[in-house]
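Structural description and commentary
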Amino acid sequence: MDGFCRIEGPPMKLPPVDYEAPTTVPEAVELLAEHEDEASVLAGGQSLIPLLALRFAHPAVLIDINGIAELSGVSAANGTVTIGAMTREYVAEESRTVADAVPLLAAALPLIGHEAIRSRGTIGGSLAHADPAAELPAVARALDAEFVVRGRPGERVIPAAEWFEGFLTTSRRPDELLVEVRFPAAGRGTGSSFQEVARRHGDFAIVGLATSLTLSEGAISDARLAFAGMSDVPVRAADAEDLLVGERPSAELFGEAARRATEDIDPPADLHGSADYRRKVAAALVRRGLQTAADNADERQ
Ligand SMILES: Cc1cc2nc3c(=O)[nH]c(=O)nc-3n(C[C@H](O)[C@H](O)[C@H](O)COP(=O)(O)OP(=O)(O)OC[C@H]3O[C@@H](n4cnc5c(N)ncnc54)[C@H](O)[C@@H]3O)c2cc1C
């Protein structure tokens, strides 16, 4: 023995897979139409490559969209911020447009993994992957973002309420490419907050909460709460939202909203925490998220 561990067999990180690198959206759409569910789109690779390495995904062909320049960028017009699917998470994080117009998204982005992950990971990749513990799906659900997908027959616009169908599952068809995501710009008097509890900084959230609150003349005119990590999809706390609208912010109101938001929810239990622990964390996040959002809203009036 020379002290080194020897691994027999060929050193294979990834399974054998065909590789295509289109440079335009129409080319990518044609390839998807040709291969359908035999193909996987490769964006930042931060979720897909580990799945391939662990043999949890078995595509016959990878369609690498990193060379499609038109899929990257942030723009704002008519009260909507549009983010191209291939926009890296760090680019959105550093965008002045995102910070000014979609502060909830700006608050969530730095909580995704670490800088190295965000320098490769993309907005479209995170939302197409649809991990229920991820930050961006909860933000998209809270803000009623819209998902623009393109296939051979043309474009479809899918509201966030219909995008997340189940664990790592969206309503995108296998022959469709996610091309952009549209977020409504926050109006006057809107404050927001992204709260989460994770084992360590950079880990996926055990529970996360996206909160947006709009105040007009001191009363709440719009309230949005969406949880991450509490179900197999990001979930809105509709009962708590209904309670809040028309009321003035107070600790008592936020306490009652926390109770309503968590009383009928049935979170998963795993090695990170029991269902009961998740429910207690969720209630604390609702109180904290609402107070922070209300303070921000005051500043933006
Ligand atoms: C160590 C580590 C820690 C992480 N921590 C977090 C975290 O705390 N929070 C968090 O949210 N994420 C976390 N991530 C995941 C990270 O945010 C990923 O970047 C993201 O989930 C996937 O984005 P991607 O661009 O890398 O997509 P990829 O991995 O390339 O693709 C992911 C999936 O989406 C599909 N896809 C990608 N783009 C498109 C498109 N345009 N159209 C159709 N389908 C598409 C792919 O086919 C694949 O199924 C972590 C990752 C790692 C490795």
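Residues numbered from 1 in each chain as written. Predicted model: local features only at pLDDT ≥ 70, side-chain atom pairs only at ≥ 80, totals over all residues. Heavy atoms only, no water.

**A look at the overall build of the protein chain**
- Along the protein chain, the regular secondary structure elements total 12 helices and 14 strands.
- For 301 residues, the compact-globule estimate of 2.2 N^0.38 gives 19 Å, and the C-alpha radius of gyration of the protein chain, at 20 Å, lies within 12% of that figure.
- The principal-axis extents of the C-alpha atoms in the protein chain amount to approximately 65 × 55 × 30 Å.
- For the protein chain, the share of sequence-separated contacts (at least 6 apart) that also reach a separation of at least 24 residues comes to 62%.
- Here the protein chain has roughly 14500 Å² of accessible surface; of this, 50% comes from carbon and sulfur atoms.
- Within the protein chain, one finds 28 positive and 46 negative side-chain charges whose respective centroids are separated by 4 Å. (Helix = DSSP H or I, 4+ residues; strand = E, 2+ residues; numbered from the N terminus. Rg over C-alpha atoms; globule rule 2.2 N^0.38 Å. Contact = heavy atoms within 4.5 Å. Areas by Shrake-Rupley, 256 points an atom, 1.4 Å probe, with all protein chains shown as cover. Lys, Arg positive; Asp, Glu negative; His and termini not counted. Charge placed at Lys NZ, Arg CZ, Asp CG, Glu CD.)

**Here's the deal with the site of the ligand**
- Not every one of the 29 residues close to the ligand is listed here, only the nearest: Val41, Gly45, Gln46, Leu48 and Thr122.
- The contact in question runs from an oxygen atom of the ligand to an N or O atom on the backbone of Gly44, over 2.8 Å.
- The side chain of Thr122 places a nitrogen or oxygen atom 2.6 Å from an oxygen atom of the ligand.
- Considered on its own, the ligand offers 970 Å² of accessible surface; in the complex 87% of this is hidden by protein.
- The element best represented in the shell around the ligand is helix 7 (residues 123-129), accounting for 4 residues.
- In the shell around the ligand, the residues fall into 14 nonpolar, 11 polar and 4 charged. (Near = heavy atom within 4 Å. Polar contact = N/O pair within 3.5 Å; in protein donor to acceptor, adjacent residues only side chain to side chain. Nonpolar A, V, L, I, M, F, W, Y, C, P; charged D, E, K, R; others polar.)

**As for the environment of Pro174**
- With respect to the secondary-structure elements, Pro174 resides in the loop between strand 9 (169-170) and strand 10 (177-184).
- C-alpha of Pro174 to C-alpha of Gly67: the two residues are 107 residues apart in sequence and 20 Å apart in space.
- Those residues in contact with Pro174 that sit more than four places away from it in its chain are Leu32, Glu36 and Asp37.

**Digging into the pairing of strand 3 (residues 61-64)**
- Burial along strand 3 is two-sided: the face carrying Val61 and Ile63 and the face carrying Leu62 and Asp64 are both buried.
- Pairing of strand 1 (residues 18-20) with strand 3, which is carried by 3 bridges, proceeds in the parallel orientation. Within the sheet, the bridge partner assigned to Asp18 lies in strand 3 and is Val61.
- The pairing of strand 2 (residues 39-42) with strand 3 spans 4 bridges and is parallel. Paired with Ala39 across the two strands is Val61, which belongs to strand 3.
- For the crossover from strand 2 across helix 2 (residues 48-53) to strand 3, the handedness is right-handed. (Buried < 20%, exposed > 50% of the residue type's maximum accessible area, 1.4 Å probe, protein only. Pairing = 2+ DSSP bridges. Right-handed = clockwise from strand over helix to strand, strands pointing away.)

**Points about the pattern of salt bridges**
- Within this structure, the stated rule accounts for 18 salt bridges.
- Linking Arg118 and Glu93 is a salt bridge whose minimum nitrogen-to-oxygen distance equals 2.7 Å. Here the residue Arg118 occupies a position in helix 6 (residues 115-120), and Glu93 occupies one in helix 3 (residues 89-93), the gap between them amounting to 25 residues.
- A salt bridge links Glu176 to Arg156; the nearest nitrogen and oxygen atoms lie 2.8 Å apart. Placement of Glu176 in the loop between strand 9 and strand 10 and of Arg156 in strand 7 (residues 154-159) is noted, with a sequence separation of 20 residues between them.
- On the accessibility criterion, Glu176 (3% relative accessible area) is buried.
- In this structure Arg156 comes out as partly exposed when scored by relative accessible area, which is 26%.
- A network of salt bridges, in which partner residues are shared, links Asp144, Asp222, Arg224, Arg236 and Glu241. (Salt bridge = Lys/Arg side-chain N within 4 Å of Asp/Glu carboxyl O.)

**Here we look at the packing of aromatic side chains**
- Here the structure, examined in full by the defined rule, presents 2 aromatic pairs.
- Ring geometry for Phe147 against Phe164: centres 5.9 Å apart, planes inclined by 90 degrees, an arrangement best described as edge-to-face. Residue Phe147 is found in strand 6 (residues 146-151), and its partner Phe164 is found in strand 8 (residues 164-166); the two are separated by 17 residues along the sequence.
- Phe164 sits in the buried class, given a relative accessible area of 9%.
- Chaining the aromatic ring pairs together yields one cluster made of Phe147, Trp163 and Phe164. (Phe/Tyr/Trp six-rings, centres within 6.5 Å; stacked < 30°, edge-to-face > 60°.)

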